[in-house]
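# Structural overview
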Amino acid sequence: RGAGSVCMIVPFRDSCQGGSQSVVGERARHLAFFLPYMHHYLAERGGSANFILVNQTARGYFNKGVLFNMGADVAMEHGCTYLVFHDVDAIPLDTSTNSYEPTRKPTHLSSYVQGLEQADFVGGVLARSEIDFIRLNGYSNSFRGWGGEDKDMYYRISTVFGEVTRLPEASGGYKLMKHRRTLGERLHAIHHVNIGLSEVLPNEESVRKRYAIMSKDGYDLSLIHISEPTRLGM
Ligand code: UDP
Ligand code: MN
């Protein structure tokens, strides 16, 4: 599928550093639910999308920003013009609309989640054109462990576009699948001090290019992130 196509980029790792045995498998359960649901969701609405799974198999801190950047690079190489950055645990509610119709500006799609206040948040599901992705210089690669990269992206979008567009309630309703968070991820929250300075943080090629392409049933592409040893991460 070529120009004009929608591409969903899904970051994934089943277990994580510091995780207890009980956590292993939880993300895999989300992944197993996600893809069939999404295919069905799009088919019912006459929509279509390419799916890229970006799997961090290496140990060390999970780095969603790097996974998103890798997926975006490959999606753009394949001619995708509308990129959807999609957490595997975020599921669009079964309303009559299609949440994945391309929008003109960077748009927070999962804008209505019951019980979640999202004032300065663009996590969950975020979409934009490939031109806007380049203009924003992608995600920061600097947030290892849980969180930070989404909030940083909120600041990038507000800085460049003045505001963050969000889907109205009719199409922005999402459900987040439940999971635990591991101690190892939470301990790393100290790196959130970078938030707000990130316009100047680099998005280094060398980090983004460390992947191998694999195949996985149901996905148009599957990337394996091969992380390099870092002082912080390993
Ligand atoms: N993720 C993953 N494995 C992990 C941590 C995160 O696959 O160990 C991916 C997954 O797609 C998840 C997304 O990163 O939906 C966001 O992470 P998380 O769900 O922990 O964030 P939160 O629930 O706090 O938004
Ligand atoms: Mn989650």
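What follows concerns the coordination of the manganese ion (ligand 2). Protein-derived coordination of the manganese ion (ligand 2) comes from Asp-89 (OD) and His-179 (NE2), at a distance range of 2.0 to 2.2 Å. Placement of Asp-89 in the loop between strand S3 (80–86) and strand S4 (90–92) and of His-179 in the loop between strand S9 (173–176) and helix H6 (183–186) is noted, with a sequence separation of 90 residues between them. Look at His-179 and you get partly exposed, because its relative accessible area is 26%.

The full count for this structure, using the stated rule, is 8 salt bridges. Linking Arg-27 and Asp-89 is a salt bridge whose minimum nitrogen-to-oxygen distance equals 3.8 Å. Of this pair, Arg-27 sits in helix H1 (residues 26–44) while Asp-89 sits in the loop between S3 and S4, and the two are 62 residues apart along the sequence. Take Arg-27: its relative accessible area is 18%, and that puts it in the buried class. Using a relative accessible area of 9% as the deciding quantity, one classes Asp-89 as buried. One network of salt bridges, in which partners are shared, links Lys-64, Asp-87, Glu-149 and Asp-150.

The end-to-end C-alpha distance of H1 is 28 Å, a good match for the 27 Å that 19 residues give at a rise of 1.5 Å each. Of the residues making up H1, those classed as buried are Glu-26, Arg-27, His-30, Leu-31, Phe-34, Leu-35, Met-38, Tyr-41 and Leu-42.

Counting buried residues along strand S11 (residues 221–225), 5 of its 5 residues qualify, which places the element largely inside the surrounding structure. With 4 bridges connecting them, strand S10 (residues 211–214) and S11 associate as antiparallel partners. Bridge pairing links Ala-212 to Ile-224 in S11. Here S10 folds back onto S11 in antiparallel fashion, the turn holding 6 residues, of which Gly-218 has a positive phi close to 90 degrees.

The subject of this paragraph is the environment of Tyr-219. When you line up the elements, Tyr-219 lands in the loop between S10 and S11. With a relative accessible area of 10%, Tyr-219 lands in the buried category.

Within the open sheet, the 3 strands sit side by side as S4-S9-S6. Their pairing is mixed. Each edge of the open sheet is held by one strand with a lone partner, namely S4 and strand S6 (112–113). Of the pairings in the sheet, the one linking S6 to S9 comprises 2 bridges and is parallel in character. From the neighbouring strand, Tyr-112 faces S9, where its bridge partner is Gly-173.

Criteria and thresholds
- Residues numbered from 1 in each chain as written.
- Chains lettered and ligands numbered in written order.
- Predicted model: local features only at pLDDT ≥ 70, side-chain atom pairs only at ≥ 80, totals over all residues.
- Heavy atoms only, no water.
- Donors = N, O, S within 2.8 Å, 3.2 Å for Na, K, Ca; no water.
- Helix = DSSP H or I, 4+ residues; strand = E, 2+ residues; numbered from the N terminus.
- Buried < 20%, exposed > 50% of the residue type's maximum accessible area, 1.4 Å probe, protein only.
- Salt bridge = Lys/Arg side-chain N within 4 Å of Asp/Glu carboxyl O.
- Expected span 1.5 Å × (residues − 1).
- Pairing = 2+ DSSP bridges.

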